[in-house]
Amino acid sequence: MNRALVADVLLWSALALSLFPISARSESVTLQLRWLHQFQFAGYYLALEKGYYRQAGLDVTLLEGGPQADRPIDEVLAGRVDFAVTGSGVVIERLEGKPVVALAAIMQTSPIVWITRAEDGIRSPHDLVDHKVMLMPPPESAELLTVFLREGLPLERVELMPSSYQLDDLISGRVAAYDGYVSNEPYLLQQQGINYSLINPRDYGINFYGDVLVTSEALAKRRPEVVARFTQASLRGWEYALNNLDEAIDLIHRDYAPDKSLGHLRYEAETIRELVMPDLVQVGHMNPGRWRFIADSYRELGMTEGEASLEGFLFQPEQRYDYAVALAVGLASLCLLGVVSFFLFRFKQLSVALQDSNTQLEVLATTDMLTGVKNRHGFFEQARLALSQAQRSGSPVSLLMLDIDLFKNINDQYGHAAGDAALRAFGEALRAFGREHDAVGRIGGEEFAMLLVNCDRTQAAQVAERLLMHVRGLSIPVPDSDCCFRFTTSIGLVEVQDSLEAAQREADQALYLAKRRGRDRIEVVGNPATPA
């Protein structure tokens, strides 16, 4: 029998026994939350409400976090709590030799983003240079710092400030960027009618886990059965919460976060469900390869010098024998033997499904969710490969840098939902004009790029002209309105001669020239009218 399947059967045996606890006394454990009570921790509330912890023989106390609380990871390592919710930066602690163990990754992609005011025109990490930027203490916001390093931006050029946890500091303009959650602060800004922009690490190839459930290595080794029961009961709570949003929202509003409106909780719930991806992967799923990628990213970008092994970082229940309960476990196992054949049949199906899920997650890591084209990281990854192949065969390659004209005006006049509709329509247009081997991506904000393979400067200019005309003819409905709006695009074009980076710089300069010369036009690098 497959070892993983045996472990599953034993785990279910232990959980079955918890329905008939050998001891009438439940074991008390504590969970330190990452922040204040909100939908972000819905699964743990529902595990309490539905009795999943009680059925697992556990008496669980939830401890609220917040700006004044100690870091959850520090509480676990100091032995003051048994479990905690933290970010993917926890792997830094493990690399530095600290005895922490990951149990489950609740969010398959992190909710942490930079939030900026739309009126300031700050839409990319590069725009943050020489500005004041708020940052939660690491490793809480490690992925945000990683974006700066991945983009080659010197951290000394950014004035990093400890977060005040006061959104008013962004609204008043005291800081240029606020370290927040895509599931929380944007709702508050919308309620106040404040237009904002998001700088999402995912758009720059930084797609790490969010809200990781952890414990200490000491507890995982000393009481693996307690850790297993707590983890499974918590995940049951999450599955219930995500499948019953209305009930979860009402519970949280009534018992945990009465100061948060039902509208705010619903916004948070719907956003977090997208981050957890329960329809794509099993809740809590962790991919060892993805953890290695996250660890390597932190190491390569100088965020840690730790070289400790990740062996043992992901929780695996140890095989331990307790003869006092061996007979009871055996009896419970006998009851489960009737379903073992079903597990065997399903195991292969689940393995295939898991492979498919991991493949889809890799696609998601390189895709811009709003427009459906590649994100910045995905575009340059695909473009470099396409350029390398074209250069070996001697085929011409051209690069187009494109920008929606006066995009800020769209947001200001019609709202962010209309801006999103414009971005989606523009992304669809670029995909339609791109061929199978071309690369199309959203570089950041309203800026896009196309790499046209086997296409010289003249041919690329023809494609760009057709694209200009197509975009002029788009009519975008304003959400929740009977009116429509139109927009245009400006394009900088260059035939790639050497490196992709050099071509991007030249195409960017041509794009800015097109803007200065009136927009809705193309500037081609190498044309007499366009400075090279």
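Our structure is the block above this text.
Below: a short report on this structure.

Rules and cut-offs
- Residues numbered from 1 in each chain as written.
- Predicted model: local features only at pLDDT ≥ 70, side-chain atom pairs only at ≥ 80, totals over all residues.
- Heavy atoms only, no water.
- Helix = DSSP H or I, 4+ residues; strand = E, 2+ residues; numbered from the N terminus.
- Contact = heavy atoms within 4.5 Å.
- Phe/Tyr/Trp six-rings, centres within 6.5 Å; stacked < 30°, edge-to-face > 60°.
- Buried < 20%, exposed > 50% of the residue type's maximum accessible area, 1.4 Å probe, protein only.
- Lys NZ or Arg CZ within 6 Å of the ring centre and 35° of its normal.
- Salt bridge = Lys/Arg side-chain N within 4 Å of Asp/Glu carboxyl O.
- Pairing = 2+ DSSP bridges.
- Axes fitted to C-alpha atoms, helices over the stretch in contact; angles between N-to-C directions.
- Expected span 1.5 Å × (residues − 1).
- Arc of directions from axis to C-beta.
- Polar contact = N/O pair within 3.5 Å; in protein donor to acceptor, adjacent residues only side chain to side chain.
- Core = buried A, V, L, I, M, F, W, Y, C linked by side-chain atoms within 4.5 Å.

Brief notes about the overall build of the protein
Then, number 1: A count of helical and extended segments in the protein gives 20 helices and 17 strands.
Then, number 2: The long-range fraction of contacts in the protein, counting pairs at least 24 apart against all pairs at least 6 apart in sequence, stands at 77%.

Let's talk about the packing of aromatic side chains
Then, number 1: Applying the stated rule across the entire model yields 14 aromatic pairs.
Then, number 2: Taken together, a centroid distance of 5.2 Å and an interplanar angle of 5° make the contact between Tyr53 and Phe230 stacked. A residue pair is termed long-range when its members are at least 10 positions apart, and Tyr53 in helix 3 (residues 52-55) and Phe230 in helix 10 (residues 224-243) qualify at 177 residues. When sorted by exposure, Tyr53 lands in the same class as Phe230, which is buried.
Then, number 3: Measuring from ring centre to ring centre gives 5.2 Å for Phe379 and Phe380, while their planes differ by 75°; the resulting arrangement is edge-to-face.
Then, number 4: For Phe380, a relative accessible area of 11% gives the class buried.
Then, number 5: In this arrangement the basic side chain of Arg236 is found over the ring face of Tyr52, its NZ or CZ atom lying 3.9 Å from the centre.
Then, number 6: The ring of Tyr209 carries Arg290 above its face, with NZ or CZ at 4.2 Å from the centroid.

So, the pattern of salt bridges
A side chain with one charge can pair with a side chain of the opposite charge if their charged atoms come near.
Then, number 1: Across all of its chains, the model carries 31 salt bridges by this definition.
Then, number 2: A salt bridge links Glu119 to Arg117; the nearest nitrogen and oxygen atoms lie 3.8 Å apart.
Then, number 3: The buried category is assigned to Arg117, whose relative accessible area is 15%.
Then, number 4: For Asp520, the salt bridge identified is with Arg472, shortest N-O distance 3.0 Å. Of this pair, Asp520 sits in the loop between helix 20 (500-516) and strand 17 (522-524) while Arg472 sits in helix 19 (residues 457-472), placing them 48 residues apart in sequence.
Then, number 5: In this structure, a network of salt bridges that share partners links the residues Arg71, Asp74, Glu93 and Lys98.

Side note on the sheet that holds strand 8 (residues 178-181)
Then, number 1: Reading across from one edge, 8-5-9 is the order of the 3 strands in this open sheet, with antiparallel pairing throughout. With one partner strand each, in any of the chains shown, strand 8 and strand 9 (196-199) form the two edges of the open sheet. Going across the sheet, the axis of each strand differs from the next one's by a mean of 45°, ignoring polarity.
Then, number 2: Relative to strand 8, strand 5 (residues 112-117) runs antiparallel, the two sharing 4 bridges. Considered in strand 8, the bridge of Trp114 is made with Asp179.
Then, number 3: Its contacts with the sheet place helix 6 (residues 142-150) against strand 5 and strand 8, and it is angled at close to 70° to strand 5.

Overview of the sheet that holds strand 16 (residues 489-495)
Then, number 1: On the basis of which strands lie adjacent, the open sheet formed by 5 strands has the order 12-13-11-16-17 and mixed pairing. The open sheet terminates on both sides in strands that have one partner only, identified here as strand 12 (439-444) and strand 17. Across the sheet, the mean angle from the axis of one strand to that of its neighbour is 20°, orientation sign disregarded.
Then, number 2: Two strands pair when backbone bridges link them, and strand 16 and strand 17 are joined in this way by 3 bridges, in the parallel orientation. Bridging from a neighbouring strand, Leu493 pairs with Val524 of strand 17.
Then, number 3: Most of the contacts of helix 18 (residues 416-433) go to strand 13 (residues 447-453), to which it runs at about 5°, and overall it touches strand 11 (397-404), strand 12, strand 13 and strand 16.
Then, number 4: Most of the contacts of helix 19 go to strand 16, to which it runs at about 170°, and overall it touches strand 11, strand 13, strand 16 and strand 17.

Remarks on helix 19
Then, number 1: If you check helix 19, its first and last C-alpha atoms are 22 Å apart, about what 16 residues at 1.5 Å a residue would give, namely 22 Å.
Then, number 2: Every buried residue belonging to helix 19 is among Ala460, Val463, Ala464, Leu467, Leu468 and Val471, and all of these are buried. Projected down its long axis, helix 19 carries its buried residues within an arc of 145°, all on one side. Those residues of helix 19 that are exposed and angled more than 90 degrees off the buried face are Thr458 and Met469.
Then, number 3: The distance from a side-chain oxygen at the start of helix 19 to the backbone nitrogen of Thr458 is 3.2 Å, and the residue carrying that oxygen is Asp456.

Examining the environment of Ile112
Then, number 1: Here Ile112 shows up in strand 5.
Then, number 2: The exposure class assigned to Ile112 is buried, which follows from its relative accessible area of 0%.
Then, number 3: Separated by 71 residues in sequence, Ile112 and Ser183 place their C-alpha atoms 8.7 Å apart.
Then, number 4: Setting aside anything within four residues of it in sequence, one finds Ile112 in contact with Arg34, Glu140, Ser141, Glu143, Leu144, Asp179, Gly180, Tyr181 and Pro201.

A few points about the side chain of Glu143
Then, number 1: Its location among the elements puts Glu143 in helix 6.
Then, number 2: Those residues in contact with Glu143 that sit more than four places away from it in its chain are Ser88, Ser110, Ile112, Pro201, Ile206, Phe208, Tyr209 and Tyr298.

Thoughts on unusual backbone geometry
Then, number 1: You will see that Asp130, though not glycine, has its phi angle at about 70°, which is positive.
Then, number 2: Following the sequence through the fold, Asp130 ends up in the loop between strand 5 and strand 6 (132-135).
Then, number 3: Phi is positive for Asp211, which is not a glycine, with a value near 50°.
Then, number 4: Its relative accessible area of 2% is what places Asp211 among the buried residues.

Remarks on the pairing of strand 5
Then, number 1: Of all 6 residues in strand 5, 6 are buried, a share of seventy percent or more.
Then, number 2: Across the two faces of strand 5 the burial is the same, with Ile112, Trp114 and Thr116 and Val113, Ile115 and Arg117 all buried.
Then, number 3: Relative to strand 9, strand 5 runs antiparallel, the two being bridged by 4 bridges. Bridge pairing in strand 9 places Arg117 opposite Tyr196.

Some details on the nonpolar core
Soluble globular proteins tend to bury their nonpolar side chains together.
Then, number 1: In terms of nonpolar packing, the biggest core is built from 59 residues, with Leu31, Phe39, Tyr44, Phe83, Leu213 and Phe230 touching the most fellow members.
Then, number 2: A total of 9 residues in this core trace back to one element, the largest contributor, which is helix 10.
Then, number 3: The residues touching Phe230, leaving out its near neighbours within four places in the chain, are Val29, Leu31, Tyr53, Leu58, Val60, Phe83 and Leu213.
Then, number 4: Val100, Leu153, Phe208 and Ile294 belong to the second-largest nonpolar core, a separate cluster that totals 44 residues.

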